[in-house]
Amino acid sequence: MTDSTTSLGWLFPIPVWAWVIIISTTVALVWWSYRRFDIPTWAAFLLGTLRFTSLCAVLIMLAGPVIETTVRNEVQDRIVVMIDRSRSMSTPDTTDETGGMGSRSSRIRSILGNTGVWDEIGRGRIIEWFGFHDHPFPIDAPQSGSSTLPPESGNGTDITRSIGQLRIGESVNPTAGLIIVSDGRSRSRSTWDTTSSLRSSGIPIHTVPIGPSGETRNMGIGSVNQPGTAFAGDIIPVVVDVTNPGNASPDAELVLRDSDSGTVLDRRKIEPDRNEYTLVGESSVDGEAYWTVEITPPPDDSDVTDDSRDITIRITDEPLRVLYVDGYPRWEFRYLKNLLIREKSITSSILLLSADGDYAQEGDRPIRRLPLTPEEFRDFDVMIIGDVPSSTLSTEQQELVEQLVVDGELGILWIGGPYWTPSDWRGDPIESIIPFTPFADPVRSDLPVHMVPTDDAVQMGILRIDDGTDGPWAVDLGDPSNPWSALQWYQVINRDLVRPTTRVLAESVETFGSSGLHHPLVLMMRYGAGRSIYCATDEIWRWRHGRGERLYEQFWIPLIRSTIRSDRLDGDPFVIDLVPDQVQIGRPQRIRLTVNDADLIDDLGEIIPLRLESDSGSRRRAELMRESGSSRTWSTTWVPDEPGRWTVLPLDDSISPSASCETTVFDRSGEMSNTGTDHDFLRRISRETGGITVSPDDLSGLLDVIPDRSIISTSTLRNPLWNRWWMFCIPILILGMEWMGRRLFRLS
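Residues numbered from 1 in each chain as written. Predicted model: local features only at pLDDT ≥ 70, side-chain atom pairs only at ≥ 80, totals over all residues. Heavy atoms only, no water.

Some words on the pattern of salt bridges
Rule in force here: A pair is scored as a salt bridge if a Lys or Arg side-chain nitrogen falls within 4 Å of a carboxyl oxygen belonging to Asp or Glu. Buried means the residue's accessible area, taken with a 1.4 Å probe over protein chains only, is under 20% of the maximum for its type, while exposed means over 50%, and partly exposed covers the values in between. Numbering of helices and strands starts at the N terminus; helices are DSSP runs of H or I of at least 4 residues and strands are runs of E of at least 2.
One pass over the structure, following the stated rule, counts 35 salt bridges. Residue Arg268 is joined to Asp266 by a salt bridge in which the shortest nitrogen-to-oxygen separation is 2.9 Å. Overall, Asp266 belongs to the buried group, its relative accessible area being 12%. A salt bridge links Arg495 to Glu507; the shortest N-O distance between them is 2.8 Å. Here Arg495, found in the loop between strand E24 (490-491) and strand E25 (502-510), pairs with Glu507, found in strand E25; they are twelve residues apart in sequence, far enough to count as distant. The class for Arg495 is partly exposed, based on a relative accessible area of 40%.

As C-alpha cells, then:
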C-alpha cells in the first residue's frame, strides 16, 4: 500500500526567528531608501512594496525552495489459514448450533461463516486461505454469512509436510501467524524441523481443534526405525513411534526382545503424552539379528496387528575406516590417537600436521598426505578434523568432502580447538557442514563445566555411557561436585547460530555459579544423506583420570560410528540404500544401488530393472538409472500405493539374488478406519512455536495474540524550484516594475 503527500520544502532551511530578523531588516531598509524622496505617500508605499517583494524573492531563491513529495510505503503483514480437507472431516461427531450432530466439515463452515471475527483478524492485513490433506492447495476466502469449502477428498493428512510445502517464511509480506483448523490427525508426527524453523522466524502456529476431544480408539506401534547394519558389540538404537499412547494402561511397556532367544534387550514405560521412544540393544552374532518390538501387556483395542513389529539388523565385524587430521599434539589428540590405534573395530590413518618431515605418521594405515581425489576420500568412512587451519584442505578438496557428505559416503567429526577450528573455516566451502555458523571471534570459557546429554541424545540412543547404574549417562560425569570429570575449557556456542537441522546432543552444567546457562558441547547435523558432528571441547581426555579408558572409549567410539550411515559398514559387493528406510503410503522413497566391487561394474548396463514385492503378493516394477558422474551407483524413486512389507529385488544376472532389502510401507493416518481426533498434536505444535490453541467457539481469542508485523517505510523526493527559469523572471519582473515607477516619478 503506497500513498504520498506534497509540500513546500527548502534545501537550506532558515529558522523562523531568522526570517523575522531578515524581513524586519528588509522593511527598514526599504523604508529608509524611500523616506527622503518627495513623492506622494501612495507612490512611496507602492515602490517600497515592489522593492521589498523583489528582495524577498531573491532571499527565497537563496534558501533553495523545493517541492517535497513524501512517499509512504506499507508492506502489509499476512495471516495464513489452513483448513483440513481430509476425509476424516466428514465424520459426523460434532454438535451444531441447533444441538444436533453434524460433520466436522459443517463445524468448520460455521466457524468460517463468522466473518465478523475474520474481518477483524484481517483488518489492515492479508489473509491467505489454503485447504490441505497430505499437501496444501489454495481455496476461496469465506463470504459473508456462508462458506463454500472443497469436498473432503484427502485419503491421508500430513500437517507438518503441508506447512513445509507452503514455505511460509519466504513470503515478501511478513507473516504474523499461521492458523490451522483441523482435527489434528497427521501421518507425520515429527515436528522438530518444521517448528524450529517457524520458531526461529518468529512465526507462531495457532490451532483450532475440530471434533470431540480425546484420543483415537487404537493404540499401537506406528513406525520403527533402526540401522540396517551395525557393528558387533555396538549399542544399537531402535526408534519407535507409538500412536495414541494416552490409551495405554498404567503398566504398559514398550519392549525390545531378541526373537530367537526371547531375551529382553530393553524396555521403556509408555507415557501418556509421549510418542517417540528409543530402545537400545546389543548383539554379538555375526550375520542377521532378529528382534521384536512389542507393547506389553497388549492394549485392549480393536486392532492387534500393530501391537508388535519384527525388525532385522545385519551385524558385521567389518572395521570402520577413520582418517584423523590434527594440527598439533594436544592432549586430546594423544589419547584419541591411541584409542583409534588400539580399537580393533577401527582401521585408522592419522596425520599430524605439525610433525617434522621425517616423523613417522601413525595409524593402522599410515599416510603422508591428505586424499586428493574422490576415490582416495572414499577409502575412508569417517574423517575427524581437529584444530587445523582451513588451508589444510584446498578448495577442490573441501568441495569433494562436502559432496561426499551430501551423498552419505563420508561422515565428519569436528573437534574444536583454541586456534583454528571453527573460526578459520568461516567462508570456506566446507563451512556449510559445520552444525552452526562459525563465529569470527570464538568465545572461550575457562570456567570448568560438566557434560550431560540432552533428551535428543537419549531418544537417538547416542552418548550412552554405562557406569553400572540404570541411567543412560554416567552420574559422575554430570555431577559438579566431581573435580576429575570437569572440562576445564570449552567454546561458547550461541544457540542462535545453530543451523536448523542441528540437534544438540550434550550441553554444559556449571561447576561453579548458578546462572542456569547450558551451552551446547556436542552437536549433530544432518547434511544431505550424511552427518556432521561437532565437539566444542578437547577436554574429554580428563575423564581417564577418574575411570581409566572405559568412559573415554564409550564417549568417542559410538560418536565416531554415529557419523556414518549404517549401510557404509556393509562389506557386500552390492548395497541397496532406501531413503527413508520406512515410508508412508503416497510418499516417495529413493532406492539407490551401490556396487562396491570394481570387477562387477563393467558387467552392468545403464539401466537395471527392479521388482518390488509385498507380503500380500502385490508386485511393482521400476528401473534403476546410473547416476550422472558416478560409475558405481544407480538410483530411482517410487511412490508406494499399498501398505505392507515390501522386498526390493534387482533383476540383473550379474547381481546376486541375496542383494535385496526390505522396507515397510505404512498408512498411519487410517483416515476412515480410525477417525479419532488428536488435539494433543495441535497443542504440541502451537506450544513449540509460541502460539495458542483456541476453542472453535472462542476465535476472538486470536485477536489478542496476533501481532502487527506490517513494515512501513517512507522516502522523500525533492523537486528543486530555485533553478527554474520562471523563478528568475519573478524578481526581474518586480525590479522592472519598480524601475519604471522610479522613472515615472523621476527618481532615476
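As for the packing of helix H6 (residues 192-200) against helix H14 (residues 679-689)
To keep things clear, this is the line we draw: Angles here are taken between N-to-C directions and fall from 0 to 180 degrees, while the axes themselves are lines fitted to C-alpha atoms, restricted in helices to the stretch in contact. The crossing is said to be left-handed when, going from far helix to near helix, the turn is anticlockwise and less than a right angle, and right-handed when the turn is clockwise. Note on contacts: a residue pair is in contact if any heavy atoms of the two residues lie within 4.5 Å.
The interhelical angle for the contact between H6 and H14, taken along N-to-C directions, is 35°, at an axis separation of 8 Å. Along this stretch, H6 crosses H14, giving a crossing that reads as right-handed. For the pair H6 and H14, contact is made by Thr195, Leu198 and Arg199 and by Ile685, Glu688 and Thr689, respectively.

Some remarks on the environment of Asn723
Along the chain, the position of Asn723 falls in the loop between strand E36 (711-720) and helix H15 (725-744). Look at Asn723 and you get partly exposed, because its relative accessible area is 41%. For Asn723 and Gly156, which are 567 residues apart along the polypeptide, the C-alpha to C-alpha distance reads 71 Å.

What to know about a nonpolar patch on the surface
For the record, the criterion: Any residue with relative accessible area above 30% and no salt bridge may belong to a patch, with like charges joined within 9 Å and the nonpolar Val, Leu, Ile, Met, Phe, Trp and Tyr side chains within 5 Å. Methods summary: accessible areas were calculated by the Shrake-Rupley approach with a probe of 1.4 Å, and residue burial reflects only the protein chains presented.
Residues Leu29, Trp31, Trp32 and Leu55 make up a contiguous nonpolar surface patch of roughly 460 Å² in combined accessible area. Ranked by the residues each element gives to the nonpolar patch, the list is headed by helix H1 (residues 16-34), at three residues. Within the fold, Leu29 resides in helix H1.

A look at unusual backbone geometry
Most peptide bonds adopt trans geometry, and most residues besides glycine take a negative phi value. With an omega of -10°, the peptide bond between Thr296 and Pro297 qualifies as cis. In this fold, Pro297 is placed in the loop between strand E16 (287-296) and strand E17 (308-316). Of the consecutive residues Thr421 and Pro422, the connecting peptide bond is found in the cis state with omega at 15°. Phi at Arg167 is positive, roughly 50°, even though this residue is not glycine.

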